[in-house]
Amino acid sequence: MKVQIHPSWEFALRKEFESAYFHELTAIVKTEYKETLCYPSAPLIFSAFNCCPVDQVKVVLLGQDPYHGDGQADGLCFSVPEGITHPPSLINIFKEIQTDLHLPYPKSGNLVRWAHQGVLLLNATLTVQAHQPGSHQKKGWEQFTDSVIRYLSAQHTHLVFMLWGGYAKQKSKFIDTSKHLVLTSGHPSPLSANRGYWFGNKHFSKCNAYLARQGKKEIQW
């Protein structure tokens, strides 16, 4: 499969695209998309990379799966297209931004505005079968996205990694904490947030303060 991905990432991840596991993954994904309804649509699978070239990454925000509901997944973690009702986790993200940065609650759940500022909105698994959460896990996507995290940790300096929830926190082992900031907290899902593990983490102000100290432009959340 010819991967539709930004040339900067195509070069950076060329070893992954040439690997046996990725060819196997490609075959699985092709079959899934042919035989079942899957999300996001095929042209959007690598949207996180296409919206944020490798040399522009400042922040890595890690999700787990794409949304599996109709019309929700746009290839960016936690993001939904214009006009789509905000899912519960996204609502809680926006609420934390409200209190942390004293900003109004946004009308749009489309987070491409973050991606264009250098936020890589990366799901660990890039595809999912409709209405079947976790259906494309353990097929090879995690190996690919773990390699992305390793690459960014090794090749960049002074990135901010936002790891929310137990699954995302496991990825910290791929990150060199001596040269990057890793922010961890509970997941913004209602189950975690309502137990007090999300609200008040102030990740958005902490991220911007770190970027400013490194002489980088802050993210307009």
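Starting from 1, residues in each chain are numbered consecutively following that chain's sequence as written. In keeping with the model being predicted, local features are shown solely for residues with a pLDDT of at least 70 and side-chain atom pairs are shown and tallied solely at 80 or more, while totals for entire chains, interfaces and linings include all residues. Heavy atoms from the whole structure form the basis of all side-chain values; hydrogens and water molecules are not counted.

A. Unusual backbone geometry, seen in detail. Cis geometry is adopted by the peptide bond preceding P40, which originates at Y39 and carries an omega value of -10°. Unlike most non-glycine residues, H102 shows phi in positive territory, near 55°. Counting from the N terminus, the helices are the DSSP runs of H or I reaching at least four residues and the strands are the DSSP runs of E reaching at least two. Tracing the backbone shows H102 in the loop between α5 (88–101) and α6 (112–115). Phi is positive for H131, which is not a glycine, with a value near 65°. Relative to the helices and strands, H131 is located in the loop between β4 (128–129) and α7 (141–155).

B. Seen up close, the packing of helix α3 (residues 20–35) against α7. The N-to-C vectors of α3 and α7 enclose an angle of 130°; their axes lie 9 Å apart at closest approach. By the criterion of interaxial angle, the relationship of α3 to α7 is oblique. Remark: the crossing between α3 and α7 carries left-handed chirality. Together, Y21, F22, L25 and V29 of α3 and W141, Q143, F144 and S147 of α7 make up the contact between the two elements. Under this grouping Gly is polar, as are all residues other than the nonpolar Ala, Val, Leu, Ile, Met, Phe, Trp, Tyr, Cys and Pro and the charged Asp, Glu, Lys and Arg. Within the contact of α3 with α7, the residues separate by chemical class into six nonpolar, two polar and no charged. Each axis is a line fitted through C-alpha atoms, taken for helices only over the stretch in contact, and angles between the N-to-C directions span 0 to 180 degrees. Oblique is the label for every angle not falling under 35 degrees (roughly parallel), over 145 degrees (roughly antiparallel), or within 65 to 115 degrees (roughly perpendicular). The hand of a helix crossing depends on one turn: near helix anticlockwise from the far one by less than a right angle means left-handed, and clockwise means right-handed. Residues count as neighbours in contact if any of their non-hydrogen atoms are within 4.5 Å of one another.

C. Quick look at the nonpolar core. The definition of a nonpolar core used throughout is a set of buried Ala, Val, Leu, Ile, Met, Phe, Trp, Tyr and Cys residues joined through side-chain atoms within 4.5 Å. Only protein chains enter the area calculation, which uses a 1.4 Å probe; residues under 20% of their type maximum are buried, those over 50% are exposed, and those in between are partly exposed. In this structure, F49, L120 and F144 are the most contacted members of the largest nonpolar core, which totals 66 residues. Once residues lying within four places of it in the same chain are set aside, the contact partners of F144 are L13, E16, F17, Y21, F22, F46, F49 and L126.

D. Spotlight on the sheet that holds strand β2 (residues 59–63). At least two DSSP bridges between two strands are needed for those strands to be called paired. Read from one edge of the open sheet, four strands run β3-β2-β5-β6, paired in parallel fashion. Bordering the open sheet on either side are β3 (119–123) and β6 (181–185), each of which pairs with just one other strand. Put simply, the sheet's adjacent strands are angled 20° from each other on average, direction ignored. Pairing between β2 and β3: five bridges, direction parallel. Bridge pairing in β3 links V59 to V119.

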